[in-house]
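Residues per chain are reported as follows:
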Amino acid sequence: MLKAVNRVVHSVFFKLFVISFLISLFLFISLITISMQNSFHALRDQKYEDVTMIIKKTSQYLDLYIQNIKNILLVVTEDPIFINENAEQINANLKKYAENNLNVISNIFLVYEDGRIFSNNQVLYDIIGHDKLNYIIDTYPSGYTGISWSEPYSSRLAAGNTIAFIKPIYNKEKALVGHAVIEINLQYLSRQLVNLLDSSYQSFIILTQKNNIVASNPELSDINSHDPQYIHSMLDKLKSGIDLTDDDTSVMTIMDDDNQIGWKLIVATDEEYFLKSTKNLFNKFLIIGVIYLFLIVIFTLLLSLNFTRPIKKLAFQMDNVHDESLSIAKLSYRKDELGKLTRSFEDMMERIKSLMKQQRDILENKRQIELKLLQKQINPHFLGNTLACISSLAKCNQMDMVQEMIRSLILMLNFSMDRIDEFITLKDEIKFIEEYIKLLKMRHGEFQFLTVIPKEHESIKIPKLILQPLIENAYLHGISTKKSDGCIIIETLLLEETFHIFISDNGPGMSPEKVKTVLSPGDSGEHGEPRGNSHGMGIRNVNERIKLYFGKEYGLYIASEPGKGTKVEICLPKDMEQRKTDENLL
């Protein structure tokens, strides 16, 4: 495991991957950092503009709210019903105005100069009264005909703080009849302003010109503190209109007093209001970063593979060129240096193939020469023995046998000297052997010769003249020493990959030492023949022919024991002609 890891770490692929990844990662981090900073600044600026726009809209709403109250007050003071003496009509109209503007108005009062006071909640007023009403009338500027307003105060009828808007009522003769007083619904005003703002992160407070609190957002406490010192401190910071550096509360505070009556609208925005969008942006950048990081890994991996895969394929081809065919898979061509290296390797392999083909041709010619020499060694050896036999019969005047032997010899010579086919069927080889057996019997007398060959084996092709030298040795060095009951048997066995021919005799057999010397080259002459000893020469020639044809794994095997005869096994490939290739020559 450690070796595998060490091999990967030191590989070109790993180094190229790491370098590409680190460079891409550095560029990505730099790009993402710059983008995040620019995006955060742009987002904060956008949020500031959004807050400023919200405050402007809130201030506009407050202005419209005040204008609406002034309009109601103008309508009430111009209504002729409120100048007559009919109390029922006055109360009915006051209720109608209050009901039509229920969300804006808490109470409407008409305070006449003769001391009469009417209200839209007349019954409630008669019961609990209004302790501030006369004070409000007294503070109205004398001789002023416009609309005035009070500072915030607590009203029994309004059930909380309220502000009164006042306007005098004149009859047709321009004489002062009384005053119309409208107490506004500050709770409704606060709710409406809360709806315009983001109540989770923003709070507001409305101050009069004397810095008394008109309305505020009760959910957030810091800015809504009723402590005068806190309010004055905050106003000092807001002289420029905006406070962006509040370290204690981390808020941005903006003040706007651009309205009809000079009220100060102060809105504080918590830093979380900006951070929530920043966090969303950061999360998006994080997701993009993870995706991009994944793409970087894939890209660098593909880039590394693009350079190292051809090298690995080329190295793999080099490692696997170990057979004689030098076959290599077709490599994809590239136009870069790696493609040039691949083409150079393939050109080198083609040159090696060409050189090896030349070497095979040389060895094939050598093999053919050796085979012809071996076959020429067989024919004179056999011919000499046969002619000696005919000579003996002629001396004995056995002309019929001489004629028969000459006929058989002619057939055998025609067969052995035929140069057309190197391979013949087993059936034809056996016919040749039978003629040879006739010659042996004519010369040396009768002996048994048996063939145990299945019909389907007769069509199998084998190298020409490989049985005769073995039969000759089986007779000369085997059963010829027996006085009677000599026997030679030929058997065949076909296996899945090989074909076996067995030649057995019941002669005296051989010792293990003798068996070794029969197939060993020994002290050989120019063509492998033993000097001064002909025993085993034919066997060795057959063995060498088979190995030259099919390879070293094929040939002859001898099993023999003294007194138990000898058995020679010929091992051949099943498809002999197909097996005869050049692969075993190098």
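The structure under discussion appears in the preceding block.
Since this is a predicted model, take the numbers as computed values, not measurements. (Residues numbered from 1 in each chain as written. Predicted model: local features only at pLDDT ≥ 70, side-chain atom pairs only at ≥ 80, totals over all residues. Heavy atoms only, no water.)

Moving on, we get to the sheet that holds strand β6 (residues 164-170). Across the sheet, which stays open at both edges, the 5 strands sit in the order β2-β1-β7-β6-β3 with antiparallel pairing between neighbours. Of all strands in the sheet, those with a lone pairing partner are β2 (117-119) and β3 (148-149), marking the two edges. As paired elements, strand β1 (residues 105-112) and β2 share 3 bridges and run antiparallel to each other. Each residue of the ladder has a partner; that of valine 111, found in β2, is isoleucine 117. Lying over the sheet, helix α3 (residues 87-100) contacts β1 and β2, oriented at roughly 155° with respect to β1. (Pairing = 2+ DSSP bridges. Helix = DSSP H or I, 4+ residues; strand = E, 2+ residues; numbered from the N terminus. Contact = heavy atoms within 4.5 Å. Axes fitted to C-alpha atoms, helices over the stretch in contact; angles between N-to-C directions.)

Here we come to the packing of aromatic side chains. Tallied over the full model, the rule gives 11 aromatic pairs. Both rings, one in phenylalanine 82 and one in tyrosine 97, keep their centres 6.1 Å apart while their planes meet at 45°; by these two values the pair is tilted. In this pair, phenylalanine 82 is assigned in the loop between α2 (12-78) and α3 and tyrosine 97 in helix α3, connecting sequence segments 15 residues apart. For the residue pair phenylalanine 82 and tyrosine 97, the accessibility class agrees, reading buried in each case. Plain terms: the ring middles of phenylalanine 423 and tyrosine 549 are 5.3 Å apart, the flat faces sit at 50° to each other, and that makes the pair tilted. Within this pair, whereas phenylalanine 423 is found in strand β13 (residues 423-425), its partner tyrosine 549 is found in helix α14 (residues 537-550), the two being separated by 126 residues in sequence. Judged by relative accessible area, which is 7%, phenylalanine 423 ranks as buried. A residue is classified by how much of its surface remains accessible, and tyrosine 549, at 5% relative accessible area, is buried. Site record: aromatic cluster; members linked through ring pairs are Phe423, Tyr549, Phe550 and Tyr554. One Lys or Arg, arginine 116, reaches over the ring of tyrosine 112 and ends 4.6 Å from the middle of that ring. It is lysine 567 that lies over the ring of phenylalanine 502; its NZ or CZ is 4.8 Å from the centre. (Phe/Tyr/Trp six-rings, centres within 6.5 Å; stacked < 30°, edge-to-face > 60°. Buried < 20%, exposed > 50% of the residue type's maximum accessible area, 1.4 Å probe, protein only. Lys NZ or Arg CZ within 6 Å of the ring centre and 35° of its normal.)

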